[in-house]
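Listed below are the residues making up each chain.
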Amino acid sequence: MQTIAPRAADALVKDHKAVLLDIRSEDEFADSHLPGAMLVPNGEIDEALAATLEGRDAIFYCTSGMRTMRAANDLEQGGLSNPKILEGGLNSWISAGLPVVNKHGEHGVYAISIPRQVQITVGTLILIFATLAWLGVPFAPYVLGAIGLGLLSAGLTGTCALATVMMMMPWNRSKSGG
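A short tour of the structure in this document, coming up. For every chain, the first residue of the written sequence is number 1, and numbering continues from 1 onward in sequence order. It should be noted that, the model being predicted, local features are given only for residues of pLDDT at least 70 and side-chain atom pairs only at 80 or more, the latter also being counted only at that level, while totals for whole chains, interfaces and linings use all residues. The basis for every side-chain value is the complete set of non-hydrogen atoms in the structure, without hydrogens or water.

Let's shift gears to the overall build of the chain. Put simply, DSSP H or I for four residues or longer makes a helix, DSSP E for two residues or longer makes a strand, and each gets a number counted from the N terminus. Counting its regular elements, the chain contains nine helices and seven strands. The proportion of buried residues among the 178 residues of the chain is 34%. Put simply, of all contacts in the chain between residues at least 6 apart along the chain, 65% involve residues at least 24 apart. Carbon together with sulfur atoms contributes 61% to the accessible area of the chain, which is approximately 10300 Å² in total. Burial classes: relative accessible area under 20% of the type maximum marks a residue as buried, over 50% as exposed, and values in between as partly exposed (1.4 Å probe, protein chains only). In what follows, a contact means two residues having at least one pair of non-hydrogen atoms within 4.5 Å. The protein chains shown are the only cover counted for residues, whose accessible areas, like all others here, come from Shrake-Rupley with a 1.4 Å probe.

Residue types Ala, Val, Leu, Ile, Met, Phe, Trp, Tyr and Cys, when buried and joined through side-chain atoms within 4.5 Å, form a set referred to as a nonpolar core. Counting 14 residues, the largest nonpolar core has Leu20, Leu34, Ile59, Tyr61, Leu86 and Trp93 as its most contacted members. For this core, the secondary-structure elements that each account for two or more residues are β2 (18-22), β5 (57-61) and α6 (89-95). Leaving out residues up to four positions away in the same chain, tryptophan 93 has contacts with Pro6, Ala9, Asp10, Leu20, Leu34, Pro35, Leu86, Leu98, Pro99 and Val100. Counting residues in each nonpolar core, the second largest holds twelve residues, with Leu21, Leu53, Ala58 and Leu80 among its members.

Turning our attention to the packing of helix α7 (residues 114-134) against helix α8 (residues 140-157). Simply put, an axis is a line fit to the C-alpha atoms, just over the touching stretch for a helix, and the angle between two N-to-C directions goes from 0 to 180 degrees. Running from N to C, α7 and α8 point in directions that differ by 155°, and their axes come no closer than 8 Å. Between α7 and α8, the angle falls in the class roughly antiparallel. Relative to α8, α7 is oriented so that their crossing is left-handed. Taking contact as the criterion, the partners of Val122, Leu125, Ile126, Phe129, Ala130, Leu132 and Ala133 in α7 are, on α8, Ala140, Pro141, Val143, Leu144, Ile147 and Leu151. Here the nonpolar group is Ala, Val, Leu, Ile, Met, Phe, Trp, Tyr, Cys and Pro; Asp, Glu, Lys and Arg are the charged ones; every other residue, Gly included, is treated as polar. Looking at side-chain class alone, the contact of α7 with α8 contains 13 nonpolar, no polar and no charged residues. Throughout this description, any angle smaller than 35 degrees is read as roughly parallel, any larger than 145 degrees as roughly antiparallel, any in the 65 to 115 degree range as roughly perpendicular, and the remainder as oblique. A clockwise turn of the near helix away from the far one marks a right-handed crossing, whereas an anticlockwise turn of less than a right angle marks a left-handed crossing.

Within the chain, histidine 16 stands out as a residue other than glycine whose phi angle is a positive 60°. With respect to the element layout, histidine 16 can be found in the loop between α1 (6-14) and β2. Judged by its relative accessible area of 60%, histidine 16 is exposed.

In the contact formed by α7 and helix α9 (residues 161-168), the axes pass within 9 Å of each other and the chain directions differ by 115°. With respect to α9, the axis of α7 lies roughly perpendicular. In this structure, the crossing between α7 and α9 has a hand that is right-handed. Here Ile114, Gln117, Val118, Thr121 and Val122 of α7 lie close against α9, whose contacting residues are Leu162, Ala163, Met166 and Met167. Classifying every residue of the contact of α7 with α9 by side-chain character gives seven nonpolar, two polar and no charged.

The structure is reproduced here in structure tokens:
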């Protein structure tokens, strides 16, 4: 399957010669997506979708392009003519300075999803306190235990205190105050 650079894809979409198809999950799509993109989770292509394209090229994307590359065979067998993969996915689109739509409906604003922010924070804390424990800092193992307890609690209850805190951070709040 052919790849296409973000700016070339943007030009095709603006000329109504292509449609952007997001193969990520509904939650990822809700967090941020490319303007005008249609959600096609897991690359579910059917005759109705093919008819909606009305002769335009299909440009598939995910966050980094890796999932799309893995799904390329399935996407090609979906009956679409000349399907393409957005090179580097959403990340390269953003790096090219092109706009995205975020969960607040704002264009041109992108934030890392809350689950990814939690993963980055927890991973960083574990690395810091594991290093401190290795260096013999006496309280470090207790902090690691608290992190593990927090993860266990989040998994068992389906609620995450750290995610709640992350949602209150200024970079995760809409400009309208919500």
